[in-house]
Every structure is written in structure tokens, then in C-alpha cells.
Amino acid sequence: WHFWVPYLTCIILILIVQEGHSKQRCLDEEPPLYSKEDNIHVVGASLKEDNIHVVVGASLKKILAEPAMGKLVQFLNSYCGNCRRFAHTFRKMAVDLQKWNRVLRIYAVDCARLENVKLCRDFRITLTPTIRYYPSKFQRIRHGIGTDIETTIPSEIADQLIESLSENDYSESKGVKPIFDPIEPGNKLNDIYEQFDNKVTYILLVHPVDMGIETILNMLPYPDVGVRIIKDAEMFAQFGLKPCKQMVALLNRSGKAQLIKPAGKSSSAYVESVAGLLHQNGHTSMPTLPPAEPEYILSEGYDAFIVDYVLNSTKVLFQADLEQAIYQFLHVEIPKTAFISGFKFKALRHIIRLFRRFNVLNRDGRRMLNSLVNHLFEVTEITGEEFRDVVDDLQTRLDPIFAEQQYVGCLGSTPHTRRFSCSLWTLFHYFTVLAAQMKVYPPSSVTIGLYGLAKFFYDCKDGSMYFVKLAKRMNIAKVRTHDEEILWLWEAHNEVNEKLAGDASGDPRFPKVQFPERKHCPDCYTHSGEFDRDEVLKYLKRVYNLSYLSGDAEPHSRRSNECKSKKKYLQK
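Rules used in this analysis
- Residues numbered from 1 in each chain as written.
- Predicted model: local features only at pLDDT ≥ 70, side-chain atom pairs only at ≥ 80, totals over all residues.
- Heavy atoms only, no water.
- Pairing = 2+ DSSP bridges.
- Helix = DSSP H or I, 4+ residues; strand = E, 2+ residues; numbered from the N terminus.
- Buried < 20%, exposed > 50% of the residue type's maximum accessible area, 1.4 Å probe, protein only.
- Salt bridge = Lys/Arg side-chain N within 4 Å of Asp/Glu carboxyl O.
- Axes fitted to C-alpha atoms, helices over the stretch in contact; angles between N-to-C directions.
- Contact = heavy atoms within 4.5 Å.

1. Some remarks on the sheet that holds strand E4 (residues 70–76)
Logical step 1: Strand order across the open sheet formed by five strands is E3-E5-E4-E6-E7, with mixed pairing between neighbours. This sheet does not close on itself; its edge strands, each paired only once, are strand E3 (53–55) and strand E7 (147–148).
Logical step 2: Inspection of the sheet shows strand E6 (residues 130–134) paired to E7 by two bridges, in the antiparallel sense. Bridge pairing in E7 links Tyr-133 to Thr-147.

2. Things to note about the pairing of strand E10 (residues 248–251)
Logical step 1: Covered by surrounding structure in E10 are Val-248 and Leu-250 together with Ala-249 and Leu-251, the residues of both alternating faces.
Logical step 2: In terms of strand pairing, strand E8 (residues 202–206) meets E10 through four bridges, oriented antiparallel. For Leu-205, the partnering residue across the bridge sits in E10 and is Ala-249.

3. Some details on the pattern of salt bridges
Logical step 1: According to the stated counting rule, one finds 18 salt bridges in the structure shown.
Logical step 2: Asp-50 is paired through a salt bridge with Arg-91; the nearest N and O atoms lie 3.8 Å apart. Residue Asp-50 is located in the loop between strand E2 (45–47) and E3, and its partner Arg-91 is located in helix H3 (residues 81–96); the two are separated by 41 residues in the primary sequence. Like Asp-50, the residue Arg-91 is buried in the burial classification.
Logical step 3: Notably, a salt bridge pairs Asp-364 with Arg-367, separated by 3.1 Å at the nearest N-O pair. Placement of the pair is Asp-364 and Arg-367 together in helix H12 (residues 363–376), with a separation of three residues, close to one helical turn.
Logical step 4: Judged by relative accessible area, which is 10%, Asp-364 ranks as buried.
Logical step 5: It is possible to trace a salt-bridge network through shared partners that takes in Lys-61, Lys-118 and Asp-122.

4. Thoughts on the sheet that holds strand E9 (residues 225–229)
Strands in a sheet are paired, the pairing made by backbone hydrogen bonds, and the direction either parallel or antiparallel.
Logical step 1: Strand order in this open sheet of three strands is E9-E8-E10, and the pairing throughout is mixed. Either end of the sheet is taken by a strand with one partner, and the two such strands are E9 and E10. Pairs of neighbouring strands in the sheet enclose a mean axial angle of 20°, with direction left out of account.
Logical step 2: Pairing between E8 and E9: five bridges, direction parallel. Residue pairing in the sheet places Leu-204 in a bridge with Val-227 of E9.
Logical step 3: Packed onto the sheet, helix H7 (residues 209–218) meets E8 and E9 and runs at close to 160° relative to E9.

What follows is the structure, encoded as C-alpha cells:
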């Protein structure tokens, strides 16, 4: 009883999940990692809540072709812990850079979404997060290849953006254009005002060049001020100013220097002092966003009910989670891979053979996997697009295989947590136990399959690299028996859990702990608190056994009438 949810209860949960699915969002309607709506309203404007524009589908290419604007794009994967961990940092940076909105737009593309598969493949995204900068004249760049920013530290990203934005072509921009070229010898004040189409009230002169470039960007929220760079301090004399120790000067149209007292020799100090003077004289700045705050959104409705059920039940293997792992792999992870050959192709062929041999899909799913394996043995290489075409073609000739896109045991209590990564662990734990029962493949075949998946087709940068190193360190190739394979994967999973324990990317209601927990398997622990490997092996074979798999067993027509009364029963 301790390890077994009664059959009737399992069926009840399936009924509730099925009816709930008709009322709730499908997986592709998960809220994005960044805000999708313009829901911050300030005086005179409506701004993005986090200054990040979520891009879906092919619209990115059109966006990047827009002239006179630099674009910073983060290609992410919402099921990756490192992408979720980075989300708050990126959101805070985007809010801070809202002051550059006249010359920079910030975008996010979630490569875990089905509608973005082709986009991420075309843009050659192999690991996430990938951050790229695209200049204003993007149409001259082939294959969507911008400049990769090889850091996730906001200050370093900003430094690279400062240099890139200063080289942009703003000839087609609307309104007052920033001018990054230093003042030429002989330029008079009237000449400079004309360069800004006489639309500014003040001219701010800044020396040296690097300080001037950053100040130009940081003064963009103040359209009444045109900033120009003084390359040689002696050139301050052209405007009636003493060049000795002169670093910054604010002039009005008559050439009179305004009294500003920067607190230090930095761009931020210059901007702060000029902004203070402008506000005193009744000038306003462009609207700004409030500081970014962490977001914690808990599941609601049927999702919340399923989460509560899973938390209050013994460990159960759910058909829905296994199907979702295979669906995501076949429809998203492989198709977004540009080209598959060599060892990568052999890994793909091996993984699909595992899916077929230890099939968790329906009868038509088995037929699809059979045909897919046959196709992969007829070719020696394949593109992600070709793979997707083969899968789609096979599915059109069969009855529905993936009817319900709903996680159950791997559903997270917050958007994007657990889900695919959880379902992969569950799927391969199940495979190791099934392999031990069937003995149709040599020991380590399952774990080698997971190794190939992690190395070649799991684009979470941190997770992929860590698992590959872990597998080599734990001698994955030296697994000699099926029981060793079951325990090898268990130990690897627990090591990953230990690494991620308390991580900001985790699910608040499903903390990363060593499993099995004592409450689920008291016999798995010795008197000293260590794991008893023999008992752990028994436990894993029990909970990942085919006979414990919870699947759809009730007719679809009965779900509506039964789920309400059954929900009350479960709550009792």
C-alpha cells in the first residue's frame, strides 16, 4: 500500500486531468518567461513591464531588418535551469537599459516553444542562453548571424553594447539622432545645434571619447540635450571655455555655460548633475520603468490541484509525463538541430531505437517509431527540418498519438519549472528498469542513450556540459550489469539534485533533495542514515515498474460526469 496508489484513484486523477485539459491552457500557451503585454502605464506612455519584447515565430527576421535601431536578443530555453536563473538578471538589466530605448530594443526568443523551432534552427542556436547583438543594418548580415556576447554579466554586456551602439548607422532613425563622432576643429556652437536640427535646448560637451560615448547613451531620456564629444580638451576653447581640467560643459543657445557640479568624473555623475539642472528649469525626461522585482507565480486551477495531488501521494509513474518527454524530443529538440551526422546521428538513431523498444506510446505510436527507426537506417545523415517532416508525415497517416499535452507527476508549481527535464529523468529511470526486465539490450545501453541526448540534443548549456562531465567521471562506460545501470542513473540524478539544491531556478514546492526520501522508503536508509543500495534498487524497480504506470484507462465519455464527485473523494 505504501508504494501503490489504488487503481481506482489513478483512474480518477486521469479523469480530472482530462476534463481540466479542456478548460486550461495547452503547453504552448504557457506564460512566457518574460512579460508579453504592455502592462505598465506611466504619464504619457505605456511601457513593457520588463522592457523585453517576447518574439514568437518568424517575426524576428522582420524585426531585425528594421533600420536605425540596435537589437539585443536572448535565445533561451524556458525549461533550462540556467535560463530561468538568468531571467531575473536579464530582466533587471533590461529595465536598467530602458534609458537607451531610442537606439536599442531588447528581445527574447524561447527555443523550447514549438512555434520557434524553425527560427532557432535558422539562427543556429545550439546552446542556451545565447545572447546576440544585431546592428541597425541587419539586412546586410547573412543567415541571421549577429555578434555573440560571450558573457551573462550585465556590466560586461553593457560595455559591449556601448561600443556596438556607437558604431550603429542612425541615418534612418526618427527624431533627434545621436551623434557619436567627435566635434571637428572649427565647429561653432550654431553648427552643432544645426546638426541636431535645432531641436535641442542645450549642448553638452564631454571629454574624453569613451566617457562621451557612454554619456550620449545615458542622456537619451533627455531629448532637450544634444551631447557631443570633445576629443582634445584644447577644443573647449572653441566655445569660449578654459581647456584646463575641463571635462564637461553644458551650453545654452547663447553659448553661456550652465552651472553643473558633477559629484565625480563619471558618465553617471555627469548625467545626474545635468538632469538636476533640467528638472529645476522645468524640462522633463522620458518615462522610466520601476526596478525589476523577482516573479513568483504559483499554478492555479487544475494545475494547482494536480500539483497538490502529486505532493500528497506516494511516488507514481505517469504515462502523461513519459509521453511529453518523447513529444518534446521528437517535435522540438531534434527539429531545431540544423544538421545531424557522424556521432550525433548515431546517438539519434540509438535514442529512437530505445523509444521503440521500450515503447510508452499507443499502438500507432509504436508504428510511428518503427517507421522512424527504419528511415534512420536508410540514411546516414539528416537535417532537423527533414526529421520533423518525416515525423509529421508519419503522424498524418496514423490516429492521434499525443492526444493530451499535459504533465502530471512532472508538473511544476510555477510556470516553466520541472516539466521536460523532470520527464526526461523519469523516462530514462523507467527505461533502466524495463531494460533489466527485458534484457534485450546490453547493460549501459539506456544510460549511453541519455548521455548522447545530453551531449548532442539538450541545449541547456550548463546542464548538458555538467552531465557529460559527470558521466565521464562516474565511468558510464564501465557499467556491467542492468542493476548497476539502474543504480548508476540514480546516483547521477542525486548528484545533480545535490548541485541544484536551493538554486533559484528550482520549484519552490518541489525542492531538490536526495531520493528516495525516508518517508517514501524507510528501508532505503541504514541506521547511520546512509543509503542501503540493495533496498534502493528494490525501490527503484518497484516504483519505475511497468505495472505501476498510471495511464488513460477510462473511456473519454465518462470523464465529465465522474470527475466532480471523484475530486471530492480525492480531497477527502
